Amino acid sequence: MNSQAAHHGRCPEVIQVLTFDVMGVKMGVDTEQIAAVMDLDDTKKQGQAMHHVYEKISFGPRKVDYGAPKALLIRDGGTSYTVVVDHPDDITVLPIQSIQPLPPLLASQRGSCAFWGAVAHKNGIILLIDFTKMGIG
Amino acid sequence: MENGAAGEKNKSDLIIEEIMRRKENGSIVDVEEKKVKVVIFSLCDDSYAFYGEYIKEILPLMTIYYVPGAAEFIPGVINVRGEIESVININRFLGIQETVEAGSGRIALAVTNGLRSGILVDSIEEVLDIPVGSIKPPIDTLSKSVREFVAGEFIHQDKLVTILDIGKIFGKIAL
């Protein structure tokens, strides 16, 4: 993401997102929120508390399952914390015109408020998540 | 029977004229009777309908992408030619038993009051125009969870069809 543009209140033309899975759901986060992608062992060694998306957002009856988990070190204002995600595998540049707001009936659901948009991408849908709105920091 | 005074019409003429007059009046009534389009669909072997003016498209069942945190009756979102739309499981929303058969449903894409969403139904039975006068208020025996969202009822092919009010359904979810 073009931080200069964002900080001056201007909307960027593109954002860069890291895509990953959480319990089978494809998500993307603005790389500007990520300070590092870490192995879980390294995160433990550093004594970082690890948070899980499913602790803050309900996944219903879905089973907690990770295939290739990593910890994302998230910058959130003056603080930082880690969030565990699965298969962080791709950094994608998204033109902002490709981003759609969540459909209105979903946007009205309190449980999904950390999702701020969605993108139709490679025959699928990526949900864009804002970790700073999950209430961890 | 004989005719009365000269020039007076005979009985058969009078009868046929009366028949024609009544037929004409009847046809005028038919033409003027206001009709409304409905989309009839099935949920768990019962027939329901939406007003056709709110149904933009009928889609085949497609991949529904789960959205964490959404209400139980919103199974996720679909990609309709690049547009991302929510999907409502109307059975769950109304508290109606769900159909066991998987993969046989349809998605009705509905739009009203600036809100739009797909609505998962078991099958689309028919799209037809019905006289407005044939729509009656909902019967009291409907469950409260359903009655709140019912616009009316009508009989079609000897079956009761319950018209659901999409505006009320969307309004309740968007609250």
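In short, a report on the structure. All values reported here derive from a predicted model rather than from experimental measurement.

## Side note on the overall build of chain B
A tally of regular secondary structure across chain B gives four helices and 10 strands. The linear arrangement of helices and strands in chain B, starting from the amino end, is α-β-β-β-β-β-α-β-β-β-α-β-β-α. Expressed as a percentage of the 175 residues in chain B, the buried residues total 29%. Counting contacts in chain B only where the partners sit at least 6 residues apart, residues at least 24 apart contribute 53% of the total.

## Structural notes on the sheet that holds strand β6 (residues 106-112) of chain B
Residues and elements named next belong to chain B. Pairing is mixed across the open sheet formed by five strands, whose spatial order is β3-β6-β7-β5-β4. In this open sheet, the two edge strands, each paired with only one partner strand, are β3 (55-60) and β4 (76-80). Adjacent strand axes in the sheet meet at a mean angle of 35°, parallel and antiparallel pairs treated alike. As defined by bridge partners, β3 adjoins β6 across five bridges and the pair is classed as antiparallel. Directly across from proline 60, in β6, lies its bridge partner arginine 106.

## Some words on the sheet that holds strand β9 (residues 150-156) of chain B
Residues and elements named next belong to chain B. Strand order in this open sheet of five strands is β8-β1-β2-β10-β9, and the pairing throughout is mixed. Edge positions in the open sheet fall to β8 (123-131) and β9, since each of these has one partner strand only. Adjacent strand axes in the sheet meet at a mean angle of 30°, parallel and antiparallel pairs treated alike. Two elements, strand β1 (residues 35-43) and strand β2 (residues 46-51), share six bridges in a ladder whose sense is antiparallel. Within β2, the position partnered with phenylalanine 41 by the bridge is tyrosine 48.

The rules behind each value
- Residues numbered from 1 in each chain as written.
- Chains lettered and ligands numbered in written order.
- Predicted model: local features only at pLDDT ≥ 70, side-chain atom pairs only at ≥ 80, totals over all residues.
- Helix = DSSP H or I, 4+ residues; strand = E, 2+ residues; numbered from the N terminus.
- Buried ≥ 20, exposed ≤ 12 C-beta atoms within 10 Å, placed from the backbone.
- Contact = placed C-beta atoms within 7 Å.
- Pairing = 2+ DSSP bridges.
- Axes fitted to C-alpha atoms, helices over the stretch in contact; angles between N-to-C directions.

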